[in-house]
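Coordinate analysis (summary)
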Amino acid sequence: MRRSCILAICLCLAAAGCQRGLDGTGPAPGPVAASLAVPAPQPLTLPEDFPADLYLPPGYELRSMMDVDGTRVVGMQLDGDMATLFADARAGMQALGWRQTLALQRAPDGAMLSFEKGPRAAVLWLRPVSPDTVQLQLQLREDMRVATR
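One structure accompanies this document, and this report is about it.

Calculation rules
Residues numbered from 1 in each chain as written. Predicted model: local features only at pLDDT ≥ 70, side-chain atom pairs only at ≥ 80, totals over all residues. Heavy atoms only, no water. Helix = DSSP H or I, 4+ residues; strand = E, 2+ residues; numbered from the N terminus. Buried < 20%, exposed > 50% of the residue type's maximum accessible area, 1.4 Å probe, protein only. Contact = heavy atoms within 4.5 Å. Areas by Shrake-Rupley, 256 points an atom, 1.4 Å probe, with all protein chains shown as cover. Patch = residues over 30% accessible without salt bridge, like charges linked within 9 Å, V, L, I, M, F, W, Y side chains within 5 Å. Salt bridge = Lys/Arg side-chain N within 4 Å of Asp/Glu carboxyl O. Lys, Arg positive; Asp, Glu negative; His and termini not counted. Charge placed at Lys NZ, Arg CZ, Asp CG, Glu CD. Core = buried A, V, L, I, M, F, W, Y, C linked by side-chain atoms within 4.5 Å. Pairing = 2+ DSSP bridges. Axes fitted to C-alpha atoms, helices over the stretch in contact; angles between N-to-C directions. Expected span 1.5 Å × (residues − 1). Arc of directions from axis to C-beta.

Let's talk about the overall build of the chain
When its secondary structure is counted, the chain shows two helices and six strands. Listing each helix as α and each strand as β along the chain from the N terminus yields α-β-β-α-β-β-β-β. Scored against the burial criterion, the 149 residues of the chain give a buried share of 26%. For the chain, contacts bridging at least 24 residues in sequence account for 39% of all contacts bridging at least 6. Accessible area of the chain: about 10600 Å², with a carbon and sulfur share of 60%.

Printed below as a string of structure tokens:
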């Protein structure tokens, strides 16, 4: 009998804490507490040692950064159309002293620009993601000399 009393008390306590009946009626559960929400990620920023002589379009949003074996790759997203951004990137890099070595445009897939300056090489890939949004990936190779092992 003692076991059945304990079971009955547990069921009563559980039912008292439950706001929704077995038939699904009753108030809906409240919203999840704000303290349980995942904080928004902090925006990326370029490192302090990022070269000042690389063209960066106005209003870009930095999306990714990677350093691999002497090559730095930066991904960004920006508003605008491909043709204008392509022309701006070309003129911007040349104004900063870079020599263009390649220009490729493939409508509607995207475009690529390649530049050299001293022992460094930079490649810019542009790819449309919507009519007014473009992804720009900038790859910088600091030293183009072939390493002998």
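Describing a negative patch on the surface
On the surface, D79, D81, D88 and D132 cluster together into a negatively charged patch. Along the polypeptide, D88 turns up in helix α2 (residues 82-95).

A look at the nonpolar core
Membership of the largest hydrophobic core comes to 23 residues, with the highest contact counts inside it found for L54, M93, W98, L124 and L126. Put simply, the parts of the chain that give this core at least two residues each are β2 (71-79), α2, β4 (110-117), β5 (120-130) and β6 (133-141). Here M93 is in contact with L54, Y55, W98, F115, A122 and L124, once residues within four sequence places are set aside.

Overview of the environment of P128
When you line up the elements, P128 lands in strand β5. Residues P128 and D79 lie 49 residues apart in sequence; the distance between their C-alpha atoms is 9.8 Å. If near-sequence neighbours (up to four positions away) are discounted, P128 is found in contact with M82, P108, D109, G110, T133 and V134.

Things to note about the sheet that holds strand β3 (residues 99-106)
Judged by pairing direction, the sheet is antiparallel, and its six strands sit side by side in the order β1-β2-β6-β5-β4-β3 without closing on themselves. A strand with exactly one partner marks an edge of an open sheet, and here the two such strands are β1 (61-68) and β3. The mean angle between the axes of side-by-side strands here comes to 15°, regardless of whether they run parallel or antiparallel. Relative to β5, β4 is paired through seven bridges, and the arrangement is antiparallel. Each residue of the ladder has a partner; that of E116, found in β5, is A121.

Considerations on α2
Compared with the 20 Å implied by 1.5 Å per residue over 14 residues, the 20 Å span of α2 between its first and last C-alpha is a close match. For α2, the full list of buried residues reads M82, L85, F86, A89, G92 and M93. End-on view of α2: buried residues confined to an arc of 140°, all on one side of the axis. Those residues of α2 that are exposed and aimed more than 90 degrees away from the buried face are A83 and A95. Where α2 is buried, its residues touch β2, β3, β4, β5 and β6. Phi turns positive, to about 95°, at G97, one or two residues after α2.

Topic: the pattern of salt bridges
Summed over the entire model, instances satisfying the criterion amount to seven salt bridges. Between R120 and D53 there is a salt bridge, and its shortest N-O distance comes to 2.3 Å. Of this pair, R120 sits in strand β5 while D53 is found in the loop between α1 (2-17) and β1, placing the two residues 67 residues apart along the sequence. Here D53 falls in the buried class, since its relative accessible area comes to 16%. One connected set of salt bridges, linked through shared partners, spans D49, D67 and R72.

Scope: geometric values only; no functional claims are made or implied.
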